[in-house]
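Secondary and tertiary structure notes
Here are the chains, one letter per residue:
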Amino acid sequence: MKIQILSKETGKANANALFFVKKSVQFSSILSEEAENQVESVLEGMENGPFEDLEFLEIDGKSTLFVNAAKERGLSGLDHLRMAAYRLAKRAQKKQIPVVSLMLADAAPEQFKAIAHGLFYADYKFDVYKSKPTPLFEATFEVVAGDHVAEFKKIADEVIVEQAAINTAKDLVNTCANDLYPETFVEFAKNVAKEFGISIKVRDLKALEAEGFNGHVTVGKGSSHPPYMVTLDYDGVKGNKAGKTAGSKPPHLVIVGKGLTFDTGGLCLKPPKSMPEMISDMTGAASALAAIQAIAELKLPIHVSAVLCLAENAIGNKSVLPGDIFAAKNGKTVMVDNTDAEGRLVLSDGLYEAGTLGATHIIDLATLTGAMVRALGYAVAGFFSNDDDLGLNVINCGETCCEKFWSMPLEEEYADALKDKFADLKNTGSDAGAISAALFLQEFVPENVAWSHWDIAGTAFVTKQWKYTEYGATGFGVQTLIELARQIGFASR
Ligand code: BES
Ligand code: ZN
Ligand code: ZN
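Before going into details, it helps to say that this report is about the structure given with it. (Residues numbered from 1 in each chain as written. Chains lettered and ligands numbered in written order. Predicted model: local features only at pLDDT ≥ 70, side-chain atom pairs only at ≥ 80, totals over all residues. Heavy atoms only, no water.)

What follows covers the coordination of the zinc ion (ligand 2). Perfect tetrahedral coordination of a metal by four donors corresponds to 109.5 degrees between them, and perfect octahedral coordination by six donors corresponds to 90 or 180 degrees. Binding of the zinc ion (ligand 2) to the protein goes through D263 (OD), D340 (O), D340 (OD) and E342 (OE), at separations of 2.0 to 2.2 Å. Of note is the zinc ion (ligand 2), whose 6 donor atoms meet at the metal with angles of 72 to 168° in an arrangement that counts as irregular. A spacing of 3.2 Å is found between the zinc ion (ligand 2) and the zinc ion (ligand 3), which share D263 as a donor. (Donors = N, O, S within 2.8 Å, 3.2 Å for Na, K, Ca; no water. Tetrahedral: all angles 85-135°; square planar, octahedral: opposite > 155°, others 65-115°.)

Under the definition given, this model contains 3 cavities of 30 Å³ or more. Here the largest cavity is characterised by a volume of approximately 110 Å³. Taken together, 13 residues make up the lining of the largest cavity; nearest its centre are Y121, E403, W466, Y468 and T474. For the lining of the largest cavity, the per-class residue count stands at 6 nonpolar, 4 polar and 3 charged. (1 Å grid on protein atoms, 1.4 Å probe; cavity = no way out; pocket = protein on both sides within 12 Å on 5 of 7 lines; lining within 4 Å. Points joined across faces, edges and corners; volume = space filled by probe spheres on them. Nonpolar A, V, L, I, M, F, W, Y, C, P; charged D, E, K, R; others polar.)

By size, the foremost hydrophobic cluster in this structure holds 100 residues, and its most contacted members are F112, L119, F141, F185, L308 and W454. Look past the residues within four positions of F141 in its chain and what remains in contact with it is M1, K2, I3, Q4, L88, A89, A92, V100, L102 and L119. Among the nonpolar cores identified, the runner-up in size contains 42 residues, and A311, F326, L347 and A438 belong to it. (Core = buried A, V, L, I, M, F, W, Y, C linked by side-chain atoms within 4.5 Å. Buried < 20%, exposed > 50% of the residue type's maximum accessible area, 1.4 Å probe, protein only. Contact = heavy atoms within 4.5 Å.)

Around ligand 1 sit 15 residues in total, of which D263, K270, D281, D340 and G370 are the nearest. Within the side chain of D281, one N or O atom sits 2.9 Å away from a nitrogen atom of ligand 1. Here T367 contributes a backbone N or O atom positioned 3.4 Å from a nitrogen atom of ligand 1. Calculation on ligand 1 without its partners gives an accessible area of 520 Å², and the protein chains cover 79% of this total. In a pocket analysis with a 2 Å cut-off to the grid points, ligand 1 is assigned to the largest pocket. The residue makeup of the shell around ligand 1, split by class, is 4 nonpolar, 4 polar and 7 charged. (Near = heavy atom within 4 Å. Polar contact = N/O pair within 3.5 Å; in protein donor to acceptor, adjacent residues only side chain to side chain. Areas by Shrake-Rupley, 256 points an atom, 1.4 Å probe, with all protein chains shown as cover. Sits in = over half its atoms within 2 Å of the grid points.)

With that settled, consider the environment of R91. By the secondary structure assignment, R91 is in helix α3 (residues 77-95). The exposure class of R91 is buried, given its relative accessible area of 16%. It is 9.5 Å that separates the C-alpha atoms of R91 and A122, two residues lying 31 residues apart in sequence. (Helix = DSSP H or I, 4+ residues; strand = E, 2+ residues; numbered from the N terminus.)

The next point concerns helix α12 (residues 388-400). Look at α12: 18 Å from first C-alpha to last across 13 residues, which is about the 18 Å you get at 1.5 Å a residue. The opening residue of α12, the one whose side-chain oxygen lies 3.1 Å from the backbone nitrogen of D389, is D387. (Expected span 1.5 Å × (residues − 1).)

Empty pockets left among the atoms are what a rolling probe the size of a water molecule brings to light. Each pocket or cavity is described by its volume, and for the largest pocket that value is around 890 Å³. Along the walls of the largest pocket sit 38 residues, with T369, G370, A371, V373 and A457 positioned nearest its centre. Elements supplying a minimum of two residues to the lining of the largest pocket: β9 (252-263), α10 (343-357), α11 (370-376), α13 (433-442) and β18 (461-462). The greatest single-element share of the lining of the largest pocket, amounting to 4 residues, is contributed by α11. Across the lining of the largest pocket, the residue classes break down as 11 nonpolar, 16 polar and 11 charged.

Remark on secondary structure: sheet strands pair via backbone hydrogen bonds, oriented parallel or antiparallel. Spatially, β7-β8-β10-β9-β13-β17-β14-β15 is the arrangement adopted by the 8 strands of the open sheet, whose pairing is mixed. The open sheet is flanked by β7 (199-203) and β15 (404-407), the only strands paired with a single partner. Direction aside, neighbouring strands of the sheet carry axes that sit 20° apart on average. Note that strand β14 (residues 380-385) and strand β17 (residues 450-455) share 4 bridges and pair antiparallel. The partner of G382 across the bridge, within β17, is D455. Packing against the sheet, α10 makes contact with β7, β8 (228-235), β9, β10 (303-313), β13 (361-366) and β17, and its axis sits at approximately 155° to β9. (Pairing = 2+ DSSP bridges. Axes fitted to C-alpha atoms, helices over the stretch in contact; angles between N-to-C directions.)

Here it is in C-alpha cells:
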C-alpha cells in the first residue's frame, strides 16, 4: 500500500476512485456538475443509514467508491473514520483499484491520522504458514490535502512507523509456539535492537538463577525452552536538555511485558478449548518491543526501557509443583497455589528490574486473567494504577488512539486473600480474579513510582472479526504506549 500526500490539482488528475467523508468535500473541484448532482443524491440517501456495505457509482467514466460511513455503535468519531478508511482499502484491494483519491482538504490532523491508520490496518495479512500465500493488491491512496500538505506528510510518516510496530507485534503473536519460544523471541528482539539502535541486555537461565530472578526460573523450568529476561533501552533525551527541568528527575518510562510464548497452565493444566489461544500469551512482551521500536524510530524525546519477561509454561518433570515456595527478587516469598497463574510470577521480576533501571513511570501489560475477559470482553482493556495522573493519561491517550481502557480498583479489602499460611504471598487470591492479580503485582512495584497495570487478556487476540482485525492478534496497546511516551516526553520539556 502506498500513501501520497498531494495538493488538490495533482489529485484531480490521477483519481481512479474518490473517497470522501460525508459532506466535508468540495466536489466541484473534481467532478462535473452532473456527477456532483449524483454524489449529492447518494449523500442524501446516506443520511438515513445504517449501511451494510459500500456503494458504487459510475462518475465521469471512472469508478467512484462510496464507503459506508455510517456511525457504528460504541465507536468514537475518530474510530468511525478509521473503520470507513479500513473498509475503503479492503474494497480497493478486492476490486483492484490502483489509485484512490481521498478528498481531505477540510480534514483536521487527527481525522487524517485516523484515516491513515484505517487504511494501513487493511494492509496486514499473516500468511507465512500458507503453502501458497497470495499477496494483497497494492493500491495507492492519494490524499488531496489542500493547505495541509506538509502537516499531513509528517502524520503519514508517523502512521507508517506506528503501523510497522503494530505489525511487528501482530506477527510475533500470530507465530505459533513451535517457532516462537523464548530463545527465538530473544533473537527477534536482538534484530529489532540492532535495526533501531536500541541497547539490549539478555539474561539467560544461568544469569536469572545467579541473580535470583526466581519468577522466571520457577515458571520456565518445566519447559525444554528455557526462560529469558530481555531489557531494552532507548534514551531520547541523552545529550540534550529536554526532560531536564530544573531540579526534577527526567521521566523514565519502563514498559514491562508478559511474554509467555505458550501457556499450557502447567500442572494445573488448562482445558483443551482454552489452550490454542495461548499462543497470544506473549502479547505484552511483543507490544512492549513494538512500542520501543516505534518510540526509537520516531526519536521521541523521552527515556524508555522495555523489559520482556519470556518463558514457556509447560509440563515436564522439572515443572513447578502446586504448593512450591520460592523467594522473589524483592525478597518476598511466594507459594505457587496455581501453576496457571504464572504471568504474575514472571512480572514480579520485570517490575523489580524496572525499579533497578530507575523508572519514574512503569506500565506493565499482560494477558493476565480470564476474569478480565469475562468482565470487559474483547473491546475494552481494564487497567489499574497507583497514580491518578498516570491513570487519566492512560485513558486520554487510549481515546486518542481509539483504544478503550476502563479503570479498575486496587481494592485493598481483597489484599488479605493473597496471604499464605507458610509464605508471604500466594499467587491466587479472591474471586475478583483480575483485581487479585493486580494486587499481587503491586507487591513488587518499586516505591514512589507511578505504575499502571494493563490486563489485555480480552483485547489482545480475537477469534472473530473485530474492527480492523479479522482473526488473531489485534495489536491492542501498542499505539497507546507510543502516545503515552509522546505525552510524558513532551510534557517534561
Ligand atoms: N494467560 C492466562 C490468562 C488468559 C485467559 C489470557 C484467557 C487470555 C485469555 C493466565 O495465565 C491464566 O491462566 N490465568 C488464570 C489465573 C487463575 C488460575 C488464578 C485465569 O485467569 O484463569
Ligand atoms: Zn496461565
Ligand atoms: Zn498466562
